[in-house]
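Observations on chain architecture
The primary structure of each chain is shown beneath.
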Amino acid sequence: MKGCFEDMPTGKERRVIWRPQPRQAAFMSRPEYECLYGGAAGGGKSDALLAEALRQVHIPAYRGLLLRKTVPQLSELIDRSRALYASAFPGAEYKAVSHTWEFPSGAKISFGSMQHTQDRHNYQGRRFDFIGFDELTHFTWEEYSYMFSRNRPGPSPDGPRTRVYIRATANPGGVGHGWVKARFIDPAPPMTPVTEKLTLALPEGGTRELSRSRIFVPATVFDNQALLEADPAYLASLAMLPRAEREALLYGSWTSFSGQVFEEWRDLPEKYAEGTGTHVIDPFDPPRDWRCWRGFDFGYSRPYAVGWFLADREGRLYLVRELYGWDGTPNGGAREDPVTIARRIRQEEDSDPLLRGRQIFGVADPSIFDGSRGESIADRMARPPYRVSFFPGRNARLAGKMQLHYRLTMGAAGLPMLQVFRTCANFIRTVPALTYDPVRTEDVDTSMEDHMYDMCRYVLMESPISPAPPVSRVPRWPDPLNRNEG
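Residues numbered from 1 in each chain as written. Predicted model: local features only at pLDDT ≥ 70, side-chain atom pairs only at ≥ 80, totals over all residues. Heavy atoms only, no water.

As a further point, take the overall build of the protein chain. Per the secondary structure count, the protein chain includes 13 helices and 18 strands. Structurally, the protein chain occupies a C-alpha span of about 85 × 85 × 40 Å along its principal axes. Looking at the protein chain as a whole, 49% of its 486 residues qualify as buried. A sequence separation of at least 24 residues applies to 67% of the contacts in the protein chain between residues at least 6 apart. Accessible surface, the protein chain as shown: approximately 23200 Å² in total, 52% of it carbon and sulfur. Looking at charge distribution, the protein chain has the averaged site of its 62 positive side-chain charges lying 3 Å from that of its 60 negative ones. (Helix = DSSP H or I, 4+ residues; strand = E, 2+ residues; numbered from the N terminus. Buried < 20%, exposed > 50% of the residue type's maximum accessible area, 1.4 Å probe, protein only. Contact = heavy atoms within 4.5 Å. Areas by Shrake-Rupley, 256 points an atom, 1.4 Å probe, with all protein chains shown as cover. Lys, Arg positive; Asp, Glu negative; His and termini not counted. Charge placed at Lys NZ, Arg CZ, Asp CG, Glu CD.)

For the coordinates displayed, the defined rule picks out 30 salt bridges. Linking E196 and R183 is a salt bridge whose minimum nitrogen-to-oxygen distance equals 3.6 Å. With E196 in strand β10 (residues 194-201) and R183 in helix α5 (residues 177-185), this pair connects stretches of sequence that are 13 residues apart. Overall, the relative accessible area of 29% leaves E196 in the partly exposed class. The partner of E274 in a salt bridge is K271, and the shortest N-O contact between them spans 3.8 Å. Each member of the salt-bridge network shares a partner with another, and the members are R397, D437, R440, D443, D454 and R457. (Salt bridge = Lys/Arg side-chain N within 4 Å of Asp/Glu carboxyl O.)

With that settled, the discussion passes to the sheet that holds strand β14 (residues 304-311). Within a sheet, adjacent strands bond to each other through the backbone by hydrogen bonds, running parallel or antiparallel. Spatial strand order, β12-β18-β15-β14-β13-β16-β17: 7 strands in an open sheet with mixed pairing. The sheet terminates laterally at β12 (280-281) and β17 (391-392), the two strands that pair on one side only. (Pairing = 2+ DSSP bridges.)

Let us now look at the confidence of the model for the protein chain. Looking at the protein chain, the pLDDT average stands at 90 and 93% of residues meet or exceed 70. Below a pLDDT of 50 lies the segment residues 6-11, which in the model reaches 11 contacts outside its immediate sequence neighbourhood of four places, other chains included. Scored below 50 in pLDDT, residues 472-486 makes 6 contacts in the model with residues more than four places away or belonging to other chains. (pLDDT = per-residue confidence, 0-100.)

Before going further, it helps to spend a moment on helix α2 (residues 45-53). In terms of burial, α2 is a largely internal element, 8 of the 9 residues being buried. Where α2 is concerned, the buried positions are K45, D47, A48, L49, L50, A51, E52 and A53.

Before going further, it helps to spend a moment on the pairing of strand β11 (residues 207-219). Taken together, the 6 bridges between strand β3 (residues 34-39) and β11 define a ladder with parallel strand orientation. Along β11, the bridge assignment pairs Y37 with V217. Sheet topology places β10 next to β11; 8 bridges connect them, and they run antiparallel. Bridge pairing in β11 places T195 opposite S213. Between the antiparallel neighbours β10 and β11 lie 5 residues, among them G205 with a positive phi of about 105°.

What follows deals with the pairing of strand β16 (residues 360-364). Remember that side chains alternate between the two faces of the sheet whenever the strand is regular. Burial runs high along β16: 4 of the 5 residues are buried. Inspection of the sheet shows strand β13 (residues 291-297) paired to β16 by 5 bridges, in the parallel sense. Looking at β16, one finds that R294 is bridged to G362. Pairing of β16 with β17, which is carried by 2 bridges, proceeds in the parallel orientation. By the bridge assignment, A364 is partnered in β17 with P392. Handedness of the β-α-β unit built from β16, helix α10 (residues 377-382) and β17 comes out right-handed. (Right-handed = clockwise from strand over helix to strand, strands pointing away.)

According to the stated counting rule, one finds 29 aromatic pairs in the structure shown. Consider the rings of F89 and F103, whose centres lie 5.5 Å apart with planes at 85°: the pair is edge-to-face. Pair noted here: F89 is in the loop between α3 (71-88) and β5 (93-95) and F103 is in the loop between β6 (100-102) and β7 (108-113), with a separation of 14 residues, a long-range link. For F89, a relative accessible area of 25% gives the class partly exposed. Through a chain of ring-to-ring contacts, three or more aromatic side chains come together here, namely Y33, F133, F139, W141, Y144, F148 and W179. Above the face of the Y165 ring, R163 is positioned so that its terminal group lies 3.9 Å from the ring centre. (Phe/Tyr/Trp six-rings, centres within 6.5 Å; stacked < 30°, edge-to-face > 60°. Lys NZ or Arg CZ within 6 Å of the ring centre and 35° of its normal.)

Now for the side chain of T435. Structurally, the position occupied by T435 is in the loop between α12 (425-430) and α13 (451-460). For T435, a relative accessible area of 6% puts it in the buried group. When neighbours within four sequence positions are excluded, T435 is seen to be in contact with G174, V175, F257, G259, V261, D443, V444, D445 and M448.

Geometrically, a packed helix pair is captured by the angle between its two axes and the distance between the axes. At a closest axis distance of 9 Å, the pairing of helix α11 (residues 397-408) and α13 adopts a crossing angle of 85°. When the axes of α11 and α13 are compared, the pair comes out roughly perpendicular. Side by side, α11 and α13 meet where R397, G400, K401, Q403, L404 and R407 of the first sit next to Y453, D454, C456, R457 and L460 of the second. Grouping the amino acids of the contact of α11 with α13 by side-chain chemistry returns 4 nonpolar, 2 polar and 5 charged. (Axes fitted to C-alpha atoms, helices over the stretch in contact; angles between N-to-C directions. Parallel < 35°, antiparallel > 145°, perpendicular 65-115°, else oblique. Nonpolar A, V, L, I, M, F, W, Y, C, P; charged D, E, K, R; others polar.)

Our next topic: the sheet that holds β11. Reading across from one edge, β5-β6-β7-β4-β8-β9-β3-β11-β10 is the order of the 9 strands in this open sheet, with mixed pairing throughout. Of all the strands in the sheet, just β5 and β10 have a single pairing partner and so form its edges. Put simply, the sheet's adjacent strands are angled 15° from each other on average, direction ignored. Here 4 bridges tie strand β8 (residues 130-133) to strand β9 (residues 165-170), and the two strands are oriented parallel to one another. Residue pairing for β9: F133 is matched across the bridge by A168.

Given below as structure tokens:
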């Protein structure tokens with residue numbers, strides 16, 4: 001394709017239908033298996049994805065798939081493809097019933113959706129050489145990772161083999177914000193390849209070492225000169241957005257985005273040692289007389305979360321230690337039984353100098369005290385030899401959420417009422433990424449990785465605080481006696 005759409009030859013000339021801008025060309029030239037493009041609005045993401053899907057349509061066995069979360073969202077992508085594909089390939093035909101383009105070679109590009117996680121099974125038994133996700137942060141990890149199994153080549157005995165790979169575009173925010181950020185944004189600076197090493201156990205014994213690579217290619221509206229020339233006022237439209245949306249959609253910020261629940265969150269590495277103006281701080285050795293809380297949110301197929309908090313004499317809480325029971329994939333549980341979890345908790349409390357010897361008050365999800373179907377989870381954990389005990393937490397969801405808002409609010413001296421040791425990586429990874437539930441619009445979306453958040457709520461409800469009073473501003477009016485100064 002050589003980076004542009006071209007119509008069929010007419011004499012000695014070819015008419016250019018579409019040509020990538022420099023940042024789009026950088027995205028389309030990447031050799032990695034996975035590549036995420038974008039990070040802000042107006043970067044020409046959808047056009048680049050549509051163009052990339054065309055790269056192999058000269059191969060008869062080629063099958064491409066472009067995905068959006070819902071069918072209504074898909075319609076805009078299909079409309080754009082009608083304008084581009086029909087002009088670039090006059091012999092191509094769009095089949096509306098199957099949402100599929102069929103090309104003269106026999107190659108096909110399909111458009112699909114995955115509104116619910118179980119919809120991923122609609123693609124079971126199908127294979128695609130190229131899979132493109134438009135707005136990846138609308139998808140869960142389960143939905144995205146399942147499609148790895150559908151990404152494989154077809155037979156091509158008499159022709160060239162296809163390249164097999166995945167591409168995606170995204171803006172910050174959405175149900176997938178956390179895992180997308182953890183997979184593509186956090187591991188390395190933009191335009192830096194990341195190689196994941198994999199060890200595969202073989203049926204006949206032994207192992208095989210494998211690897212996959214991925215990369216993030218950033219783009220903002222400033223990389224789309226065609227858009228800025230066509231609509232110079234678009235920059236002003238983005239500049240007028242509320243702060244969180246403006247930072248995300250104009251500048252591509254992954255720490256501030258539309259729909260973020262805890263917009264108060266600040267993670268400033270340059271402030272870790274100083275400890276002001278940031279919620280994440282360097283570890284320190286707290287006094288032994290500070291009260292210690294242990295919060296617990298149980299999970300089996302989903303992660304379980306344990307956190308240890310110390311309260312200073314002013315009531316400020318510090319999350320000093322965490323234990324996260326997961327399988328290393330977003331929202332995947334470790335599948336550990338209650339006794340195993342109790343053993344791990346006891347090992348932490350006996351070995352960590354910050355916790356060893358302290359009186360620890362445990363508070364947990366009240367559901368673990370349900371003994372209607374036999375011995376409760378709480379009773380099993382409290383048995384010898386580990387004796388990890390809890391009392392039921394108050395599961396008032398909105399009240400607990402407001403407590404976290406109150407504690408994250410920065411005080412006049414730049415000190416919030418909750419700070420987190422930088423070693424608590426899973427709290428830092430998951431809580432700032434939480435978004436609002438689309439139905440219960442005041443609550444956190446519980447389909448997200450909210451286990452550290454729930455654990456924290458139980459502790460906060462045991463030490464509730466009132467919201468900080470608003471900073472009073474003395475009205476300024478003519479005052480010859482200077483009574484309003486200061």
